[in-house]
Amino acid sequence: MVYFAPVCAQNIPAGKIFLSCNALTTSYTYTQLRGDIAGCLSEAGYKIVYAANEADWTIQVNGITGKKQESTIASKTWYFTEVTATILIDRGAFDVRIYENNFTEKGAHNTDFDDAALDAYRRLTPKICAVIKEQIAQ
């Protein structure tokens, strides 16, 4: 009798992804966004590659901080921002665009506009990951 061990789906890569992220706050680049998205995709079985020509999928995420507002309530100042992230998904190394969309999220913090932008990016990250996984699974 021959026994074949079941193949665990988690051990089979779902595909190779080249991930490019550029996320700006009001005064610096938020590099953690790329790490958070890469982690989410790695957990789903995708392999992150460092050259677009090796990829099954090319994903670009570009974030900018837009509107800013400051409000003082009972001697405490709150900072509000609006972050817009653009997601572009291509098959292969920028070969065929299969998805393009913008997502906007508001962020708030009581220290400064940068921390308010980080709050918005943290809210956007799960949405970005879900969209990417949904689109490349089709």
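Up top is the structure these notes are about.
As a starting point, this report considers the structure included with it.

The rules behind these values
- Residues numbered from 1 in each chain as written.
- Predicted model: local features only at pLDDT ≥ 70, side-chain atom pairs only at ≥ 80, totals over all residues.
- Heavy atoms only, no water.
- Helix = DSSP H or I, 4+ residues; strand = E, 2+ residues; numbered from the N terminus.
- Expected span 1.5 Å × (residues − 1).
- Pairing = 2+ DSSP bridges.
- Right-handed = clockwise from strand over helix to strand, strands pointing away.
- Axes fitted to C-alpha atoms, helices over the stretch in contact; angles between N-to-C directions.
- Contact = heavy atoms within 4.5 Å.
- Salt bridge = Lys/Arg side-chain N within 4 Å of Asp/Glu carboxyl O.
- Buried < 20%, exposed > 50% of the residue type's maximum accessible area, 1.4 Å probe, protein only.

Details of helix H1 (residues 32–43)
1) Next: Compared with the 16 Å implied by 1.5 Å per residue over 12 residues, the 17 Å span of H1 between its first and last C-alpha is a close match.
2) Next: Count one or two residues on from H1 and you reach Gly45, which has phi positive near 100 degrees.

Re the pairing of strand S1 (residues 15–23)
1) Next: The pairing of S1 with strand S2 (residues 46–49) spans 4 bridges and is classified as parallel. Within S2, the residue paired with Phe18 across the bridge is Val49.
2) Next: After leaving S1, the chain enters H1 and then returns to the sheet as S2, a path that is right-handed.
3) Next: In the sheet, S1 pairs with strand S3 (residues 57–73) via 7 bridges, with the strands oriented parallel. Residue Ala23 lies in a different strand from S3, and its bridge partner there is Gly63.

Some remarks on the sheet that holds S1
In sheet architecture, strand pairing relies on hydrogen bonds along the backbone and comes in two forms, parallel and antiparallel.
1) Next: Pairing is mixed across the open sheet formed by 5 strands, whose spatial order is S2-S1-S3-S4-S5. The open sheet terminates on both sides in strands that have one partner only, identified here as S2 and strand S5 (96–109). The sheet shows a mean angle of 30 degrees between the axes of neighbouring strands, taken without regard to direction.
2) Next: Along the sheet, H1 makes contact with S1, S2 and S3, crossing S1 at roughly 160 degrees.
3) Next: Relative to the sheet, helix H2 (residues 113–136) contacts S1, S2, S3, strand S4 (76–91) and S5, its axis offset from that of S5 by approximately 150 degrees.

Regarding the pattern of salt bridges
Working definition: two side chains of opposite charge can pair if their charged atoms are close together.
1) Next: The full count for this structure, using the stated rule, is 4 salt bridges.
2) Next: One salt bridge connects Glu100 with Arg97, and the closest N-O pair in it is separated by 3.2 Å.
3) Next: A relative accessible area of 54% places Glu100 in the exposed class.
4) Next: Two residues, Glu105 and Lys127, come together in a salt bridge whose shortest N-O distance is 2.5 Å. Note that Glu105 is positioned in strand S5 and Lys127 in helix H2, a separation of 22 residues in sequence.

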